[in-house]
Amino acid sequence: AQKVTQAQTEISVVEKEDVTLDCVYETRDTTYYLFWYKQPPSGELVFLIRRNSFDEQNEISGRYSWNFQKSTSSFNFTITASQVVDSAVYFCALSEASRGRRALTFGSGTRLQVQP
Amino acid sequence: DGGITQSPKYLFRKEGQNVTLSCEQNLNHDAMYWYRQDPGQGLRLIYYSQIVNDFQKGDIAEGYSVSREKKESFPLTVTSAQKNPTAFYLCASSIRLYNEQFFGPGTRLTVL
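Residues numbered from 1 in each chain as written. Chains lettered and ligands numbered in written order. Predicted model: local features only at pLDDT ≥ 70, side-chain atom pairs only at ≥ 80, totals over all residues. Heavy atoms only, no water.

This brings us to the interface of chain A and chain B. Contacts between chain A and chain B engage 22 residues on the former and 23 residues on the latter. Both faces combined, the contact of chain A with chain B buries some 1700 Å², and carbon together with sulfur accounts for 55% of it. A salt bridge links Arg 50 of chain A to Glu 100 of chain B; the shortest N-O distance between them is 3.4 Å. Secondary-structure elements contributing two or more residues to the side of chain A that touches chain B are strand 5 (32-39), strand 6 (46-52) and strand 10 (88-96) of chain A. At four residues, strand 5 of chain A tops the list of elements feeding residues into the side of chain A that touches chain B. In the side of chain A that touches chain B, the residues fall into ten nonpolar, seven polar and five charged. (Contact = heavy atoms within 4.5 Å. Buried area = accessible area lost by both parts, 1.4 Å probe. Salt bridge = Lys/Arg side-chain N within 4 Å of Asp/Glu carboxyl O. Helix = DSSP H or I, 4+ residues; strand = E, 2+ residues; numbered from the N terminus. Nonpolar A, V, L, I, M, F, W, Y, C, P; charged D, E, K, R; others polar.)

So, in structure tokens, the structure goes:
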């Protein structure tokens, strides 16, 4: 069975602080994809990143960075110098490409509140 | 302007009524999906479609039905058999089944 755990239900930081959102996943498959999505108050999910299981290189995109570690089954997301506009619910998701697994399994999400 | 549209944004239904939620995409994506989100929770997969005229049940398909007669459209019907239909419904699409999904703005359904 595949499972995604986001243990942090809610995080509150002050603007300009760095914040890391944790994601731990479980899968028996060797080929899988990991995703992060942002859900602002409007409700629409915004795609942030996809990482496949064969690519452990960390990625940086502006103030966002992702740390993928297969050894600990984690795919953590860091926001540097947080801003009020970063306030949202962030979801980590997993998809197994083989064995016919067909769609995303989402974690329960982490609500990030950035205070001015 | 490419994207996914869902209508209506808010929907109210009386108990015992069927209701259909619309989802249209002009991204030329093959795969489409329906998710349900309850307050404070993640998304759960209702149905998905890999190609036209084909669809598969997700984790919580009971009480729902779909059709995929056109590539651009994937409507979801919430039937009276769905015991607790009040939720936020999100439609998504992707180029292929395992690619990143792009989401519509959602429909908030309330059963009165």
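We now examine the side chain of Gln 6 of chain A. Residues and elements named next belong to chain A. Examined against the element boundaries, Gln 6 turns out to sit in the loop between strand 1 (3-5) and strand 2 (10-14). Separated by 3.0 Å, the side chain of Gln 6 and the backbone oxygen of Tyr 90 make a polar contact. A polar contact of 3.1 Å, which involves the side chain of Gln 6, links it to the backbone nitrogen of Gly 109. Among residues more than four places away in sequence, those in contact with Gln 6 are Asp 22, Trp 36, Tyr 90, Phe 91, Cys 92, Gly 107, Ser 108, Gly 109 and Thr 110. (Polar contact = N/O pair within 3.5 Å; in protein donor to acceptor, adjacent residues only side chain to side chain.)

Once that is clear, we can look at the state of the cysteines. A covalent bond bridging the sulfur atoms of two cysteines is what the word disulfide describes. Residue and element names in this part refer to chain B. Applying the stated criterion to the full structure yields two disulfides over all chains. Bridging Cys 23 to Cys 91, the disulfide has an S-S length of 1.8 Å. Its S-S torsion of approximately -70° makes the covalent link between Cys 23 and Cys 91 left-handed. Here Cys 91 lies in strand 9 (residues 87-94) and Cys 23 lies in strand 3 (residues 19-25), a separation of 68 residues in the sequence. Looking at Cys 23, the relative accessible area reads 1%, which means it is buried. (Disulfide = S-S within 2.5 Å. Buried < 20%, exposed > 50% of the residue type's maximum accessible area, 1.4 Å probe, protein only.)

A separate point is the environment of Tyr 25 of chain A. Residue and element names in this part refer to chain A. Mapped onto the elements of the fold, Tyr 25 is located in strand 4 (residues 24-26). Since its relative accessible area comes to 3%, Tyr 25 is described here as buried. The spacing of Tyr 25 and Ser 73 is 48 residues in sequence and 5.6 Å in space, taken between C-alpha atoms. Sequence-distant contacts of Tyr 25, defined by excluding residues within four places in its chain, comprise Lys 3, Val 4, Tyr 32, Leu 34, Phe 68, Gln 69, Lys 70, Ser 73, Ser 74 and Leu 94. In this structure the side chain of Tyr 25 is engaged in a polar contact, spanning 2.7 Å, whose partner is the side chain of Tyr 32.

What follows concerns unusual backbone geometry. At the junction of Ser 7 of chain B and Pro 8 of chain B, the peptide bond is cis and its omega measures out at -10° in the coordinates. A positive phi is found at Ala 81 of chain A, a non-glycine position, where the angle reads about 50°. Tracing the backbone shows Ala 81 of chain A in the loop between strand 9 (74-79) and strand 10.

Attention shifts here to the pattern of salt bridges. Think of it this way: side chains of opposite charge can pair up when their charged atoms draw near. All names here are of chain A. This structure, assessed with the given rule, holds eight salt bridges over all chains. The salt bridge partner of Arg 63 is Asp 86, with a shortest N-O separation of 2.8 Å. Residue Arg 63 is found in the loop between strand 7 (59-61) and strand 8 (64-69), and its partner Asp 86 is found in the loop between strand 9 and strand 10; the two are separated by 23 residues along the sequence. The partly exposed category is assigned to Arg 63, whose relative accessible area is 25%. Three or more residues joined by partner-sharing salt bridges are found here, namely Arg 51, Asp 55 and Glu 59.

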